[in-house]
Amino acid sequence: TQLLEQSPQFLSIQEGENLTVYCNSSSVFSSLQWYRQEPGEGPVLLVTVVTGGEVKKLKRLTFQFGDARKDSSLHITAAQPGDTGLYLCAGGTGAQKLVFGQGTRLTINP
Amino acid sequence: NAGVTQTPKFRILKIGQSMTLQCTQDMNHNYMYWYRQDPGMGLKLIYYSVGAGITDKGEVPNGYNVSRSTTEDFPLRLELAAPSQTSVYFCASSYRLPPVGEQFFGPGTRLTVL
């Protein structure tokens, strides 16, 4: 069974600070996706990375896929209250399915 | 486009009752999925479908059944509800295979079994 472990599970920081969320596994994934989920809603895709070592930037968010395709990170620069939410990583198994991590609940305080 | 719609939004069931969670998508996606999300946890795959008439089990299929008679609809059936099935259920659809396909999620159904 392929598992994804996210850390930290909870993170509360002040507006303007930087943060990094990690997504780790002992298994190799063919791709890695990051979703953000707001309360009462379904997850929404932020990014997909498919190549080992790949880095993608989305405004203040930077996503990296590990060289061995077993881990990923999400870095937020100058966090804003609008970044508050549950961040989920999901690994592509190559079997038409995604495996989700347990999520990181991020709170940005004004 | 409405995207992925789910009904009902909330439901309370008694132990042993049955119900069907409805899911419809208007994006002509072939791939559809049912997940459950327990408090503080990620999403676990219950069942998925790669097209009309084709379904397969995910990680946690026990206690559930699905059917896919049309491209648009993918209902999830709970038989003999148990407290362990208390969860938030999400339906999703995708326009191409993972690992690179984006999954579009519905707003969820919050189910409580008492």
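Cut-offs used in this document
Residues numbered from 1 in each chain as written. Chains lettered and ligands numbered in written order. Predicted model: local features only at pLDDT ≥ 70, side-chain atom pairs only at ≥ 80, totals over all residues. Heavy atoms only, no water. Helix = DSSP H or I, 4+ residues; strand = E, 2+ residues; numbered from the N terminus. Rg over C-alpha atoms; globule rule 2.2 N^0.38 Å. Buried < 20%, exposed > 50% of the residue type's maximum accessible area, 1.4 Å probe, protein only. Areas by Shrake-Rupley, 256 points an atom, 1.4 Å probe, with all protein chains shown as cover. Disulfide = S-S within 2.5 Å. Core = buried A, V, L, I, M, F, W, Y, C linked by side-chain atoms within 4.5 Å. Contact = heavy atoms within 4.5 Å. Buried area = accessible area lost by both parts, 1.4 Å probe. Salt bridge = Lys/Arg side-chain N within 4 Å of Asp/Glu carboxyl O. Polar contact = N/O pair within 3.5 Å; in protein donor to acceptor, adjacent residues only side chain to side chain. Nonpolar A, V, L, I, M, F, W, Y, C, P; charged D, E, K, R; others polar. Pairing = 2+ DSSP bridges. Axes fitted to C-alpha atoms, helices over the stretch in contact; angles between N-to-C directions. Phe/Tyr/Trp six-rings, centres within 6.5 Å; stacked < 30°, edge-to-face > 60°. Lys NZ or Arg CZ within 6 Å of the ring centre and 35° of its normal.

(A) Structural context of the overall build of chain A. Scanning chain A from N- to C-terminus turns up 0 helices and 11 strands. Along the chain direction, N to C, the helices and strands of chain A fall in the order β-β-β-β-β-β-β-β-β-β-β. Against the 2.2 N^0.38 benchmark of 13 Å for 110 residues, chain A shows a C-alpha radius of gyration of 13 Å, consistent with a compact globule. Projected onto its principal axes, the C-alpha coordinates of chain A cover approximately 40 × 30 × 20 Å. Relative to its full complement of 110 residues, chain A shows a buried share of 45%. Carbon and sulfur atoms make up 49% of the accessible area of chain A, which totals about 5100 Å².

(B) A look at the state of the cysteines. Residue and element names in this part refer to chain A. Within this structure, the stated rule accounts for 2 disulfides over all chains. Linked covalently through their sulfurs, C23 and C89 form a disulfide whose S-S length is 2.0 Å. Negative torsions about the S-S bond denote left-handed disulfides, and the value of about 75° found for C23 with C89 makes this one right-handed. Separated by 66 residues along the polypeptide, C23 in strand β3 (residues 19–24) and C89 in strand β9 (residues 85–92) bring together distant segments of the chain.

(C) Quick peek at the nonpolar core. Residues L19, L32, W34, L74 and I76 of chain A are the most contacted members of the largest nonpolar core, which totals 21 residues. Among the secondary structure elements, those contributing two or more residues to this core are β3, β4 (31–37), β5 (44–49), β7 (61–65), β8 (71–76), β9 and β11 (104–109) of chain A. Core analysis: the next-biggest nonpolar cluster, separate from the first, contains 19 residues, C23, Y47, L76 and L78 of chain B among them.

(D) Summary view of the interface of chain B and chain A. Of the residues lining the interface, 22 residues belong to chain B; the matching set on chain A comes to 22 residues. Here chain B meets chain A over a buried area of about 1700 Å², counting both sides, of which 59% is carbon and sulfur. In this assembly, chain B and chain A are joined by 0 salt bridges. Between the two partners, chain B and chain A, sit 4 residue pairs in polar contact (both at pLDDT 80 or more). For the side of chain B that touches chain A, the secondary-structure elements that each account for two or more residues are β4 (31–37), β5 (43–51) and β10 (103–105) of chain B. In the side of chain B that touches chain A, the residues fall into 14 nonpolar, 6 polar and 2 charged.

(E) How the structure looks around the sheet that holds strand β1 (residues 5–7) of chain A. Residues and elements named next belong to chain A. The strand order β1-β3-β8-β7-β6 describes an open sheet built from 5 strands, whose pairing is antiparallel. Each end of this open sheet is capped by a strand with a single partner; those strands are β1 and β6 (55–58). Across this sheet, the average inter-strand angle for adjacent strands is 15°, counted without regard to direction. With 3 bridges connecting them, β1 and β3 associate as antiparallel partners. Bridge assignment links E5 to a residue of β3, and that residue is N24.

(F) Spotlight on the pairing of β11 of chain A. All names here are of chain A. In β11, alternate side chains face the same way, and those of T104, L106 and I108 are buried while those of R105, T107 and N109 on the opposite face are not. Note that β9 and β11 share 3 bridges and pair antiparallel. Within β11, the residue paired with Y87 across the bridge is T104.

(G) Region of interest: the sheet that holds strand β3 (residues 19–25) of chain B. All names here are of chain B. If you trace the 4 strands from one edge of the open sheet to the other, you get β1-β3-β8-β7, paired in antiparallel fashion. With one partner strand each, in any of the chains shown, β1 (4–7) and β7 (64–66) form the two edges of the open sheet. Across this sheet, the average inter-strand angle for adjacent strands is 20°, counted without regard to direction.

(H) Up close: the packing of aromatic side chains. Tallied over the entire structure, the rule returns 11 aromatic pairs over all chains. Ring centres of Y95 of chain B and F104 of chain B lie 6.4 Å apart, and the angle between their planes is 50°; on these two criteria the pair is classed as tilted. On the basis of relative accessible area, F104 of chain B is assigned to the partly exposed category, the value being 27%. Taken together, the ring pairs connect Y35 and F100 of chain A together with Y33, Y35, Y48, F90 and F105 of chain B into an aromatic cluster. A cation over a ring is seen here: R68 of chain B above F74 of chain B, with NZ or CZ 5.9 Å from the ring centre.

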